[in-house]
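Examination of the molecular architecture
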Amino acid sequence: MRRLAGFTLLLAGALSAQTPETQTLEKGKLPEHFPTGGPNCLEMQEYYIHAYNPSFYILRQSGCTDYEKPFLYLIFGSDKVMLWDTGSRNSRVREAVDRLIDRWLKENKRTSIPLVVVHSHKHGDHIWGDSQFADRPDTTLVKPDLASVKAFFGFQNWPDEVRTFDLGGRPMDLVPIPGHTDDSFALYDRQTGILLTGDTVYPGRLYVSDFEAFKASIHRLAAFTADKQIAHVLGNHIEQTTTPFVDYPTGTKYQPDEHELALSAGNVVELDRALQSMKEPKTLKLRDLTISIRGPARGAGRGQ
Ligand SMILES: [Zn+2]
Ligand SMILES: [Zn+2]
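So, here's what we can say about the structure. (Residues numbered from 1 in each chain as written. Chains lettered and ligands numbered in written order. Predicted model: local features only at pLDDT ≥ 70, side-chain atom pairs only at ≥ 80, totals over all residues. Heavy atoms only, no water.)

Before going further, it helps to spend a moment on the state of the cysteines. Tallied over the entire structure, the rule returns one disulfide. Across the disulfide from Cys41 sits Cys64; the S-S distance is 1.9 Å. Of note, the bridge from Cys41 to Cys64 carries an S-S torsion of about -85° and is left-handed in sense. Of this pair, Cys41 sits in the loop between α1 (2–18) and β1 (47–53) while Cys64 sits in the loop between β2 (56–61) and β3 (71–76), placing them 23 residues apart in sequence. (Disulfide = S-S within 2.5 Å. Helix = DSSP H or I, 4+ residues; strand = E, 2+ residues; numbered from the N terminus.)

Encoded structure:
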């Protein structure tokens, strides 16, 4: 009996060593579908807000305001709240974010919380609302360029370094993933196991401006996920349809059959394998996303 108990204990120990964080991930729910842009724009809010859980919010800009219809994320720690991106053209993002923060403060019986605004990367469809936060009290906006990102988060060895930024009992890991742009980074929330990947990994066309950098970044990102619990990989857009290998054309506002927002760590591994075996940069369709090669010239403009 004693031997059996010892064995059971050993087995339990081995299992917990393999999955040390199984019990600690905070749960949340994703909707089956997010609104896109229409069919009746008069019925649509500029931002659709979904509570993944009480401290993690997903905002989606309506396609009626801009076909890019990006996703934004608002994450609360006990000391700070972080906004990931400020949306694309024609939206009153500050109003939506302020309303959400006010509601959170009331529910948590608090009067204030500092806001930190960061960006997945510098493209126009993710920074358009920046000016609306310029005069917001108690707010730090990290400018959307590589030098500002490095300085604010203390990167010494970009892109071969992971930095951690604590929102107050909520450490967020920043993983540099240049290639779509030079300043792209992923954000891993240890509390929910959610990995935000911006325009670098999402169900749609992954525009690559620097192929070698992109390839190396996805390889590092796959390695980063290997020993983590990844609940969801959430990007900034959806362009894919529910039909494998098929995407909506650029500029589509109303997407009644769009792919779900979430990808998995498996998609990152699949993308890594595809890139590692690619001798020459070329456009390649995978089941849930497309690697789309663009010249370096694209990086300067308003890209996706
Ligand atoms: Zn974009
Ligand atoms: Zn982009």
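Looking now at the packing of aromatic side chains. As enumerated under the stated definition, the model contains 13 aromatic pairs in all. Here Trp84 and Phe185 contribute two aromatic rings whose centre-to-centre distance is 5.5 Å and whose plane-to-plane angle is 85°, an arrangement assigned as edge-to-face. Residue Trp84 is located in strand β4 (residues 81–84), and its partner Phe185 is located in strand β9 (residues 185–189); the two are separated by 101 residues in the primary sequence. An identical accessibility class is assigned to Trp84 and Phe185; each is buried. Ring geometry for Phe153 versus Phe185: centroids 6.0 Å apart, planes at 65°, classification edge-to-face. Of this pair, Phe153 sits in helix α4 (residues 146–153) while Phe185 is found in strand β9, placing the two residues 32 residues apart along the sequence. Assessed through its relative accessible area of 7%, Phe153 is described here as buried. By relative accessible area, which is 1% here, Phe185 ends up buried. Taken together, the aromatic side chains of Trp84, Phe152, Phe153, Phe165 and Phe185 make up a single cluster linked through ring pairs. The ring centre of Phe224 lies 4.0 Å from the NZ or CZ of Lys228, which sits over that ring. (Phe/Tyr/Trp six-rings, centres within 6.5 Å; stacked < 30°, edge-to-face > 60°. Buried < 20%, exposed > 50% of the residue type's maximum accessible area, 1.4 Å probe, protein only. Lys NZ or Arg CZ within 6 Å of the ring centre and 35° of its normal.)

This next bit is on helix α6 (residues 265–276). A rise of 1.5 Å per residue sets the reference length of α6, with its twelve residues, at 16 Å; its end C-alpha atoms lie 17 Å apart and thus fit the reference within 8%. Listed in full, the buried residues belonging to α6 are Asn267, Val268, Leu271, Asp272, Ala274 and Leu275. One face of α6 carries all of its buried residues, which in axial projection span an arc of 165°. Close packing links the buried residues of α6 with β11 (205–208), α5 (211–226), β12 (232–235), β13 (262–263), β14 (284–285) and β15 (290–293). For α6, the N-terminal capping position is held by Ser264, with its side-chain oxygen 3.1 Å away from the main-chain nitrogen of Gly266. (Expected span 1.5 Å × (residues − 1). Arc of directions from axis to C-beta. Contact = heavy atoms within 4.5 Å. Polar contact = N/O pair within 3.5 Å; in protein donor to acceptor, adjacent residues only side chain to side chain.)

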